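Listed here are the chains, written in short residue letters.
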Amino acid sequence: MTFASFASVGPLLPHDLFAASGRYAGSLCWTLGRPMPFAAQWMENRFAPWAASILEDWAAGAFDAHEAVVFARADDNAQRLYYYVCELRRRGVIAGGPEPLVFDSAQGPRASSLARTTQAVRGLAERLGVDDAALEAGIVATNSARPMLAAQPATSPTCLLIGTPPPDRALHDAIERQGWHADGAALADTWRDPGAAVDESTGDPGGAIARQIHTSVIGNRAFADRAAALRARLTATGAKAAVLWYSEDEEAEVWHLPDLRRVLDAAGVPALALTRRLWGPDPDAADRIGTFLKEIGT
Amino acid sequence: MSTETGPKETGQRSRKMLASTAAANAYQKQFGLDLKRRVVDDGEPFAIVQADTPHELFHAMDVPIITNQWWSAYISAKQLSGRYFEVMAAHGYPENACKYCSLGLACTLANDPASAPWGGLPKPAVLVARMTCDCIQHVFGQWAEALGTEFFPMEAPAWEHKDPRWFAHSRDQWQDVYDVDRIALMVAEMRDLIALLEKRTGKRFDEAKFQHLMEQINVQEGHIWQAAQAIGTARPCPVSIAEQMPNTMIPQWHRGSDWAVAHAKRFRDEVFERIDAGLGASTNEKIRLMWIGAGVWHDPGFYQALEETLGAVFVWSMYMPFAGPQYIRDLQGRPMEALASRICGMNEVLHLPPWMNGWMVSEAERCGIDAAVMLMPPDNRLSQSGNKITARSLEDAGVPVLVIDADMVDAKTWDHDTMVAMVRNFLSERGLA
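Computed from a predicted model, the values in this text were never measured in an experiment.

A. Looking closely at the overall build of chain B. If you tally the helices and strands in chain B, you get 19 helices and 8 strands. For 433 residues, the compact-globule estimate of 2.2 N^0.38 gives 22 Å, and chain B sits close to it at 21 Å. Principal axes of the C-alpha set define a box for chain B whose edges measure 60 × 50 × 40 Å. Of all 433 residues assigned to chain B, the portion counted as buried reaches 57%.

B. Main features of the overall build of chain A. Per the secondary structure count, chain A includes 12 helices and 8 strands. In terms of overall size, chain A behaves like a compact globule, its C-alpha atoms giving a radius of gyration of 20 Å where 298 residues would be expected to give roughly 19 Å. Principal axes of the C-alpha set define a box for chain A whose edges measure 60 × 50 × 30 Å. Considering only contacts within chain A whose residues lie at least 6 apart along the sequence, 71% involve residues at least 24 apart.

C. Seen up close, the interface of chain B and chain A. Each partner contributes to the interface: chain B provides 36 residues, whereas chain A provides 39 residues. Sorting elements by how many residues they give to the side of chain B that touches chain A places helix H8 (residues 180-201) of chain B first, with 5 residues. Broken down by class, the residue content of the side of chain B that touches chain A amounts to 17 nonpolar, 10 polar and 9 charged.

D. Main features of the nonpolar core. Counting residues in each nonpolar core, the largest one holds 227 residues, and the members touching the most others are Leu55(A), Cys159(A), Ala47(B), Leu127(B) and Leu289(B). In terms of residue count, helix H9 (residues 207-233) of chain B provides more of this core than any other element does, 9 residues in total. Here this core spans two domains, since at least three of its residues come from each of domain 1 (6-142) and domain 2 (152-194 + 221-296) of chain A.

E. Up close: the pairing of strand E1 (residues 6-9) of chain A. Burial of E1(A) is two-sided: the residues Phe6(A) and Ser8(A) facing one way and the residues Ala7(A) and Val9(A) facing the other way are all buried. You can see the chain leave E1(A), run along helix H1 (residues 15-21) of chain A and come back into strand E2 (residues 24-27) of chain A, and the turn it takes is right-handed.

F. Structural view of the domain arrangement of chain A. Residue and element names in this part refer to chain A. You can read the domains of chain A as domain 1 (6-142) and domain 2 (152-194 + 221-296). Between domain 1 and domain 2, the contact holds 17 residues from the first and 17 residues from the second. Of all elements in the fold, only H1 and helix H3 (49-59) reach the threshold of two or more residues within the side of domain 1 that touches domain 2. Residue classes in the side of domain 1 that touches domain 2 are distributed as 8 nonpolar, 6 polar and 3 charged.

G. Expanded view of the sheet that holds E1(A). Residue and element names in this part refer to chain A. Taken in spatial order, the 4 strands make up an open sheet running E2-E1-E3-E4, and their pairing is parallel. Unpaired on one side and paired on the other, E2 and strand E4 (99-103) mark the two borders of the sheet. Neighbour to neighbour, the strand axes of the sheet diverge by 25° on average, direction disregarded. In the sheet, E1 pairs with strand E3 (residues 68-72) via 4 bridges, with the strands oriented parallel. Bridging from a neighbouring strand, Ser8 pairs with Val70 of E3. Most of the contacts of helix H4 (residues 76-90) go to E3, to which it runs at about 140°, and overall it touches E1, E3 and E4.

H. Quick peek at helix H5 (residues 99-110) of chain B. Residues and elements named next belong to chain B. Among the 12 residues that make up H5, 10 are buried, leaving the element largely enclosed by the rest of the structure. Among the residues of H5, those classed as buried are Lys99, Tyr100, Cys101, Ser102, Leu103, Gly104, Leu105, Ala106, Cys107 and Thr108. Structurally, H5 contributes buried residues whose contacts are with strand E1 (47-49), helix H3 (68-77), helix H4 (81-90), helix H6 (136-147) and helix H17 (381-384). Positive backbone phi, approximately 50°, marks Asn111, located one or two places after H5.

I. Broad picture of the sheet that holds strand E8 (residues 401-405) of chain B. All names here are of chain B. Pairing in this open sheet of 4 strands is parallel, and the strands run E6-E5-E7-E8 from one edge to the other. Two strands bound the open sheet, and with one partner strand each, they are strand E6 (312-316) and E8. Adjacent strand axes in the sheet meet at a mean angle of 30° when their direction is disregarded. With 4 bridges connecting them, strand E5 (residues 287-292) and E6 associate as parallel partners. Among the inter-strand pairings, Ile287 is bridged to a residue of E6, identified as Ala312.

J. Just the environment of Pro11(A), in detail. As for its placement among the helices and strands, Pro11(A) is situated in the loop between E1 and H1. With residues up to four places along the chain from it excluded, the contact list for Pro11(A) reads Ala72(A), Ala74(A), Asp75(A), Thr190(A), Trp191(A), Asp193(A), Ile218(A) and Gly219(A).

K. Examining the pairing of E3(A) more closely. Burial analysis of E3(A) places 5 of its 5 residues in the buried class, which makes it a mostly covered element. Residues Ala68(A), Val70(A) and Ala72(A) line one face of E3(A) and the alternating positions Val69(A) and Phe71(A) line the opposite face, and both faces are buried.

L. Structural detail: the environment of Gly179(A). Residue and element names in this part refer to chain A. Along the chain, Gly179 falls in the loop between helix H7 (170-176) and strand E6 (181-183). Given 13 C-beta atoms within a 10 Å radius, Gly179 is considered partly exposed. Residues Gly179 and Ala51, 128 residues apart in the sequence, show an inter-C-alpha distance of 33 Å.

M. Here's a closer look at helix H16 (residues 355-366) of chain B. Residue and element names in this part refer to chain B. Under the 1.5 Å per step criterion, the end-to-end length of H16 is 16 Å for 12 residues, consistent within 8% with the ideal 16 Å. Listed in full, the buried residues belonging to H16 are Trp355, Met356, Asn357, Gly358, Trp359, Met360, Glu363 and Ala364. The first or second residue beyond H16 is Gly368, which carries a positive phi of 60°.

N. Focus on the packing of H8(B) against helix H14 (residues 335-343) of chain B. Residues and elements named next belong to chain B. Closest axis-to-axis distance for the H8/H14 pair is 9 Å, and the angle between their directions is 110°. The angle between H8 and H14 falls in the class roughly perpendicular. Residue-level contacts link Ile183, Met186, Val187 and Met190 of H8 to Met336, Glu337, Ala340, Ser341 and Ile343 of H14. Each residue belonging to the contact of H8 with H14 can be placed in one class, and the counts come to 7 nonpolar, 1 polar and 1 charged.

O. Summary view of unusual backbone geometry. Here Arg235(B) and Pro236(B) are connected by a cis peptide whose omega angle stands at 0°. Tracing the sequence through the fold places Pro236(B) in the loop between H9 and helix H10 (241-253). Of note, the amide linkage connecting Pro353(B) to Pro354(B) takes the cis form, showing an omega dihedral of 5°. In the Ramachandran plot, Leu12(A) falls in the positive-phi region, its phi being about 55° despite a non-glycine side chain. Mapped onto the secondary structure, Leu12(A) falls in the loop between E1 and H1. Even without glycine at this site, Ser201(A) takes up a positive phi of about 55°. Structurally, the position occupied by Ser201(A) is in the loop between helix H8 (187-192) and helix H9 (205-214).

P. Region of the structure containing the confidence of the model for chain B. Residues and elements named next belong to chain B. Scored by pLDDT, chain B comes out at a mean of 93, with 96% of its residues at no less than 70. Predicted confidence is poor over residues 1-9, with pLDDT under 50, and the contacts of this stretch with residues over four places away or in other chains come to 27 contacts. Of the two predicted TM-score estimates for the complex, the pTM is 0.95 and the ipTM is 0.95.

Q. Inspection of the packing of helix H6 (residues 132-149) of chain A against H9(A) at higher detail. Residues and elements named next belong to chain A. Direction vectors running N to C along H6 and H9 enclose 40°, while the axes themselves pass 9 Å from each other. Relative to H9, the element H6 is oriented oblique. Between H6, through Asp132, Leu135, Glu136 and Ile139, and H9, the contact on the second element is made entirely by Pro205, Gly206, Ala208 and Ile209.

Conventions used here
- Residues numbered from 1 in each chain as written.
- Chains lettered and ligands numbered in written order.
- Predicted model: local features only at pLDDT ≥ 70, side-chain atom pairs only at ≥ 80, totals over all residues.
- Helix = DSSP H or I, 4+ residues; strand = E, 2+ residues; numbered from the N terminus.
- Rg over C-alpha atoms; globule rule 2.2 N^0.38 Å.
- Buried ≥ 20, exposed ≤ 12 C-beta atoms within 10 Å, placed from the backbone.
- Contact = placed C-beta atoms within 7 Å.
- Nonpolar A, V, L, I, M, F, W, Y, C, P; charged D, E, K, R; others polar.
- Core = buried A, V, L, I, M, F, W, Y, C linked by C-beta atoms within 7 Å.
- Domains from an automatic or database assignment.
- Right-handed = clockwise from strand over helix to strand, strands pointing away.
- Pairing = 2+ DSSP bridges.
- Axes fitted to C-alpha atoms, helices over the stretch in contact; angles between N-to-C directions.
- Expected span 1.5 Å × (residues − 1).
- Parallel < 35°, antiparallel > 145°, perpendicular 65-115°, else oblique.
- pLDDT = per-residue confidence, 0-100.

Next up, the structure:
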């Protein structure tokens with residue numbers, strides 16, 4: 001069975017495969033700062049609020065236009081949400097709606113993890129009815145689009161936004177109101193990020209996509225040297241300030257906060273750390289960012 | 001998962017009735033001394049591992065292991081958790097970072113041999129963890145770096161075959177229940193781990209010894225499962241969970257050893273004797289309670305606080321009945337695959353639907369449970385996960401559920417009297433007491 005339209009939840013998904021299908025409708029959206037009575041019945045408070053929003057809307061039929069949704073194993077919220085949706089469908093609490101699928105990427109630094117990811121790519125391609133020829137075409141098309149997704153050169157001093165990808169661009173706006181350029185992905189950006197270029201004309205397009213995902217630096221489960229990546233980012237952007245923002249439910253990236261602060265200190269880049277922040281409107285964070293950047297001056 | 005029951009920050013001692021319990025605690029105390037001698041005094045190569053990793057490989061190779069959860073509980077029992085949380089904050093980690101996983105890292109970062117248990121841990125040969133939540137690879141990666149050694153991460157792959165009655169088939173149909181592909185992945189990882197251990201420790205993995213170990217574990221867990229089944233049907237409950245836990249967990253740390261097999265049998269026999277004699281954990285059993293969550297190691301007396309006054313007896317926690325469906329395996333000539341099937345769902349079946357709720361509803365029915373008390377740790381998505389669906393499933397099955405917001409290793413969030421009063425009020429409100 002193939003699906004006339006499908007969407008996704010989470011980062012580190014095979015966007016080249018999605019492009020090859022011609023039926024990808026993009027990531028599911030979320031709306032915060034509203035009552036979510038259905039999700040509150042079933043979902044614990046340590047989940048990111050975007051997960052509750054998606055569950056709430058799923059139950060209300062808001063995603064019924066899709067025939068399937070692919071959840072990322074690469075994100076703990078997304079993969080647990082997958083099991084919750086499956087169970088609530090099984091119990092009949094959620095009626096109908098898209099079929100939940102999971103993309104089981106593995107990023108452990110061993111051949112067995114790469115093999116698992118390869119198996120996941122090929123399995124999903126089969127579910128989506130995408131053969132190798134179409135997959136190769138999807139890689140070529142996505143590779144050609146990748147440069148257009150790259151950040152544009154900044155025309156004002158750059159302030160890095162590091163940590164939990166925020167749910168919207170309010171923090172970016174707070175930075176930019178002070179005359180700075182905000183460099184950092186929001187959550188939706190990470191979900192649609194296709195990652196680095198995928199090798200073309202390998203004769204094994206599924207394997208090529210799997211290799212790109214296995215070594216990706218995107219997401220909480222990447223085996224990447226965050227400190228080295230930050231040093232490279234400082235060099236590439238010439239950033240003069242950094243805001244480190246971590247949500248209350250953050251369980252992964254926050255473990256690198258001390259390391260990243262040391263990198264910034266060593267580089268002489270002033271930093272503002274905001275931890276345990278709630279999702280949704282955060283005027284206090286915007287105020288503190290404003291004060292911080294004013295003190296530095298542009 | 002310590003079994004020490006000395007005075008705690010806010011807790012009370014648990015009351016022990018079984019000779020088996022004293023024997024298990026004595027063995028574990030001596031084991032702790034021996035382990036310290038081997039890894040600290042003699043400098044023998046050892047590993048730090050998560051509870052849901054294949055300990056069997058280490059046992060078969062006679063490589064000492066320190067389990068992170070055991071070490072965390074040991075630190076907690078020494079009343080050092082508060083100090084180590086402060087150390088983490090001083091190192092720049094937010095206070096809400098996962099406490100259950102990181103106490104060992106905190107102990108290492110504190111770098112204070114004078115106050116650390118055993119003077120702190122020496123450099124292990126390797127750290128091993130399954131990546132069941134997003135924090136683990138980061139905690140273990142940094143811990144390995146701080147100790148100057150290697151982290152061996154094991155995947156926790158997605159599980160698409162979702163059988164709510166997994167526990168009914170897991171002994172003999174494990175390749176269907178746990179997915180052939182997931183089992184194959186873990187077998188490949190275990191082969192890599194064995195190669196690493198052989199290189200790092202100079203010891204060899206003996207397939208015959210491993211096969212024997214797996215057979216012995218089946219015998220051991222069979223004894224525990226027999227006792228669990230008897231406890232489920234006996235009235236009154238012969239043994240509180242305060243004694244079920246050490247008599248299950250301590251042998252399980254040493255699973256497959258001659259002592260562990262013998263102790264499991266001794267415990268089972270003592271349970272049978274108490275049932276035959278009509279002896280109960282309480283002389284006044286009226287309400288049978290289920291405890292859902294990790295043990296509250298800093299207040300073991302909590303579980304027995306209402307036994308005599310209300311006749312409310314905690315007769316079920318996950319540790320003992322887990323022995324049957326999650327440990328016992330028909331080996332089918334493939335012990336490595338059988339082991340993989342034991343490990344690759346160990347965490348998932350306790351924290352994700354449909355496995356968690358499917359099993360617990362079945363267990364509540366098997367054990368005649370009147371009400372359940374569920375731990376909801378505030379800072380840990382993995383430990384919270386599946387709780388609300390399970391609570392609803394139990395309520396739908398006629399089992400009232402009280403949810404307690406508290407952390408299993410952080411005594412600061414726990415007050416014995418308050419928690420006991422909460423349970424008492426809940427039982428009263430639900431018409432059970």
